[in-house]
Amino acid sequence: MKNLWIEFIGGIVTVKAKGKGIERFINTLTRNGIHIWQVKRHGVEAVIFKIKLKDVNQIRNAVRNSDCKIEFLQRTGFPFLFKRLLKSFGFVLGATAFIIVILVLSNMVWGIEIKGANPATEYKIRKELTEMGVKRGKLQFFIDNVEGIQRKLSDKIEEITWVGVELKGTTYHLQVVEKNDPKKPEYLSPRNLVAKKKAVIVYMFVEEGQPVVSVNDHVKPGQLLVSGIIGKEGNIETLPAKGEIYGETWYKTDVTLPLKKTFQVFNGNEKRKHYIKIGNVEILVWGFGKVKYKEFETESNEKKINFLKWELPISYVDKTIRESEQETLIYDNEQAFEVAKTLARNKIKSGLSENDKIKGEKVLHKSVDNDKVTISIHFQIIENIAEAQPIVQGDTE
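Procedures and definitions
Residues numbered from 1 in each chain as written. Predicted model: local features only at pLDDT ≥ 70, side-chain atom pairs only at ≥ 80, totals over all residues. Heavy atoms only, no water. Helix = DSSP H or I, 4+ residues; strand = E, 2+ residues; numbered from the N terminus. Rg over C-alpha atoms; globule rule 2.2 N^0.38 Å. Buried < 20%, exposed > 50% of the residue type's maximum accessible area, 1.4 Å probe, protein only. Contact = heavy atoms within 4.5 Å. Areas by Shrake-Rupley, 256 points an atom, 1.4 Å probe, with all protein chains shown as cover. Lys, Arg positive; Asp, Glu negative; His and termini not counted. Charge placed at Lys NZ, Arg CZ, Asp CG, Glu CD. Patch = residues over 30% accessible without salt bridge, like charges linked within 9 Å, V, L, I, M, F, W, Y side chains within 5 Å. Salt bridge = Lys/Arg side-chain N within 4 Å of Asp/Glu carboxyl O. Pairing = 2+ DSSP bridges. Axes fitted to C-alpha atoms, helices over the stretch in contact; angles between N-to-C directions. Phe/Tyr/Trp six-rings, centres within 6.5 Å; stacked < 30°, edge-to-face > 60°.

As annotated in an unreviewed UniProt entry, the protein chain carries the name Sporulation protein YqfD and comes from Cytobacillus citreus.

A. Representation of the overall build of the protein chain in the model. Along its length, the protein chain carries 8 helices and 22 strands. Taking 21 Å as the expected radius of gyration for a compact globule of 397 residues, we find that the protein chain reaches 42 Å, considerably beyond that expectation. When its C-alpha atoms are laid out on the principal axes, the protein chain stretches across 135 × 60 × 45 Å. The proportion of buried residues among the 397 residues of the protein chain is 32%. Pairs at least 24 apart in sequence give 66% of the contacts found in the protein chain among residues at least 6 apart. Split by element, the accessible area of the protein chain, about 26300 Å² in all, is 53% carbon and sulfur. Within the protein chain, one finds 63 positive and 50 negative side-chain charges whose respective centroids are separated by 17 Å.

B. Focus on a positive patch on the surface. On the surface, a cluster of positive charge is made up of Arg60, Arg64, Arg75, Lys83, Arg84 and Lys87. Looking at the positive patch, the elements that each hand over two or more residues are α3 (56-64) and α4 (78-87). If one sorts the elements of the positive patch by residue count, α4 sits on top with 3 residues. Note on placement: Arg84 falls in helix α4.

C. Region of interest: the sheet that holds strand β19 (residues 310-330). A sheet is described by the order of its strands in space; here 4 strands give the open sequence β17-β16-β19-β18, paired in antiparallel fashion. Pairing within the sheet leaves two strands with one partner each, and these edge strands are β17 (281-286) and β18 (296-307). Between one strand axis and the next, the sheet turns through 40° on average, direction left out of account. Relative to β19, β18 runs antiparallel, the two being bridged by 11 bridges.

D. Up close: the environment of Gly19. Structurally, Gly19 is set in strand β1 (residues 12-19). For Gly19, a relative accessible area of 17% corresponds to the buried category. Sequence separation between Gly19 and Ile70 is 51 residues, and the spatial gap between their C-alpha atoms is 9.0 Å.

E. Geometry of the packing of aromatic side chains. What the rule picks out here adds up to 3 aromatic pairs. An angle of 70° between the planes, with centres 5.7 Å apart, marks the rings of Phe141 and Tyr316 as edge-to-face. Taken together, the residues span a long stretch of sequence, with Phe141 in the loop between α6 (119-132) and α7 (146-156) and Tyr316 in strand β19 at a distance of 175 residues. For Tyr316, a relative accessible area of 18% corresponds to the buried category. Measuring from centroid to centroid gives 6.1 Å for Tyr203 and Tyr246, while their planes differ by 45°, and the two rings are tilted.

Printed below as a string of structure tokens:
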């Protein structure tokens, strides 16, 4: 098969020889070094066989010294294909150019639709999109993916809470949710406010309802703080108690931290490879060479290729290979204790609301064992301890 391809590249000619002394003629060709194959009889005095294009002149010389005549039946191989291509070069060039133009136009950005934003916010979004390269006439291959566009818009435009980005054909569709949307009034059923944990009251703001505790009072979980039942006997009214009751609460947090920590970091070296993906097969078109990094991470960005309104099973894939290396961080004991304290504070803060705060902290215990530090910290927290408790009918009797 390999030899057949070699012959195809050089050109193959199918020859019909007829006359007397056919066998002698074939032997003469072989002695002269002319390679012939697929020899078949065609009647009594005729033979059909194949030769290389480069041997045509030799066979013509050989036939003059014989009683045979030859006829060239078929010409195949690359030289003949190339000759035919030259004859229809204009048509092929035009057709290729037409397909390329259609492909390019089908993978450009021709529209950006924004819904859910007021004119001022829409102007900011379009301006930001232009700075990111998302504009009419730009090839989609050189634009960030929709997840990246969505993330950048959310980070850079304060007026939006959320933005959804979708690419349909040649048009980007953006759905925007703006901040400070007017909220519908919330209907609340009659309720009390009770303590959700043990605390000492430090601040009270009661919007509706009857307070039943005061600042500096000690309260237990479930204890009534603000009553939703107001009025005197015979004129009792129930309402949804509203307010914020801040109390001092207490937490204990334990943190263990190794003195030696190993992690992976990027060192700035990277290599990019570009592929054309057909189905599940990726064909490398740029960025040849073996990746010599010992440790690395690969980021892949795939762009579908469209033809008019159809999405082809072909895509452009851009892969970025970033070299990483192992870093080791070693703490001394004091450094480790300080880092552990910071971790403990962050752990506490993650469970607090925006208005809650840490009032104080006290280290209860710290130790070093098996190359690890362990620390126990007592935190004093000022937080809203009120939670709603519905008023049932029996409570008002």
